[in-house]
Amino acid sequence: EPANAYHIRIKLKNAPVPVWREVEVPSNISLAFFAFVVLDAMGWENEHLHQFMNKDTIYKNSVCAKHDQKMFGDFMSGRRTLVSDDYSLSTIFKGKGDRISFEYDFGDSWNHDIWLKGIREYGDDEKPTLKILKGKGACPPEDCGGVGGYAYLLELHEKKRKTAEDKERLQWYDIDR
């Protein structure tokens, strides 16, 4: 399908500090590919499962979607599960303001609000590309315990007198600077 340029904002929900990115992507990329854009833009390392959620539908990679459908049908979530490889962004985002949720790492449960800020046509001499336009805030480290664990690490970082254990924890998560 022909592509338009989608200007999309990705915001980490419930973070103790603002963490968001704005990207420009072609409208015809698959949700599966867009997941990698989200992960890269936010700073995640793609070490965990992820899914998109839109109204009554969950979009997962093919292995997870097939497993879930075979094991549970729509019983577990009350939502139907579809394969993210089979759907482009343009099937989800029809107009400015349309939204979808993205969850990364089902243990830490990093939830993101993603919405379409704008649509433009590519110029005749312009090739569809992926761009990070702007953003704010450092991405939390992997496996730090979700929003609560990240808030705790930020408190430790601001603490004037740190114990050896505090310093080690911050160093472990690369927040010692």
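Residues numbered from 1 in each chain as written. Predicted model: local features only at pLDDT ≥ 70, side-chain atom pairs only at ≥ 80, totals over all residues. Heavy atoms only, no water.

1. Digging into the pattern of salt bridges
- Counted by the stated rule, this structure contains seven salt bridges.
- The partner of Glu22 in a salt bridge is Arg9, and the shortest N-O contact between them spans 2.8 Å. Taken together, the residues span a long stretch of sequence, with Glu22 in strand E2 (residues 20-26) and Arg9 in strand E1 (residues 4-12) at a distance of 13 residues. The pair formed by Glu22 and Arg9 is uniform in burial state, with each residue classed as buried.
- Asp113 serves as the salt-bridge partner of Arg99, at 2.8 Å between the closest nitrogen and oxygen. Taken as a pair, Arg99 in strand E6 (residues 99-104) and Asp113 in strand E7 (residues 110-121) lie far apart in primary sequence, 14 residues in all.
- Among the residues examined, Asp113 registers a relative accessible area of 14% and is labelled buried.
- Each of Arg9, Glu22, Lys117 and Lys134 takes part in salt bridges that share partners, so that together they form one network. (Salt bridge = Lys/Arg side-chain N within 4 Å of Asp/Glu carboxyl O. Helix = DSSP H or I, 4+ residues; strand = E, 2+ residues; numbered from the N terminus. Buried < 20%, exposed > 50% of the residue type's maximum accessible area, 1.4 Å probe, protein only.)

2. A short note on the environment of Phe34
- Mapping Phe34 onto the fold places it in helix H1 (residues 31-42).
- Between the C-alpha atoms of Phe34 and Leu153, which are 119 residues apart in sequence, the distance is 29 Å.
- Among all residues touching Phe34, those that are not within four sequence positions of it are Ile8, Val23, Val25, Ile29, Phe52, Leu89 and Ile114. (Contact = heavy atoms within 4.5 Å.)

3. Notes on the side chain of Asp108
- Inspection of the secondary structure assignment puts Asp108 in the loop between E6 and E7.
- Despite its burial, Asp108 remains without a salt bridge, the nearest opposite charge being carried by Arg169 at 12 Å.
- A distance of 3.3 Å separates a polar side-chain atom of Asp108 from the backbone nitrogen of Asp143.
- Not counting the four nearest positions on each side in its chain, Asp108 is found in contact with Glu142, Asp143, Cys144, Gly145 and Gly146. (Lys, Arg positive; Asp, Glu negative; His and termini not counted. Polar contact = N/O pair within 3.5 Å; in protein donor to acceptor, adjacent residues only side chain to side chain.)

4. Quick notes on the environment of Asp98
- You can see Asp98 is positioned in the loop between helix H3 (89-92) and E6.
- Of the residues examined, Asp98 reaches a relative accessible area of 25% and is grouped as partly exposed.
- Distance from Asp98 to Leu31, taken between C-alpha atoms, is 15 Å for residues 67 residues apart in sequence.
- Ignoring anything within four residues of it in the chain, the contact list for Asp98 reads Ile92, Phe93, Ile114, Trp115 and Leu116.
- In this structure the side chain of Asp98 is engaged in a polar contact, spanning 2.7 Å, whose partner is the backbone nitrogen of Lys94.

5. Side note on unusual backbone geometry
- Its identity as a non-glycine residue notwithstanding, Asn46 has a phi of 55°, on the positive side.
- Inspection of the secondary structure assignment puts Asn46 in the loop between H1 and strand E3 (50-54).

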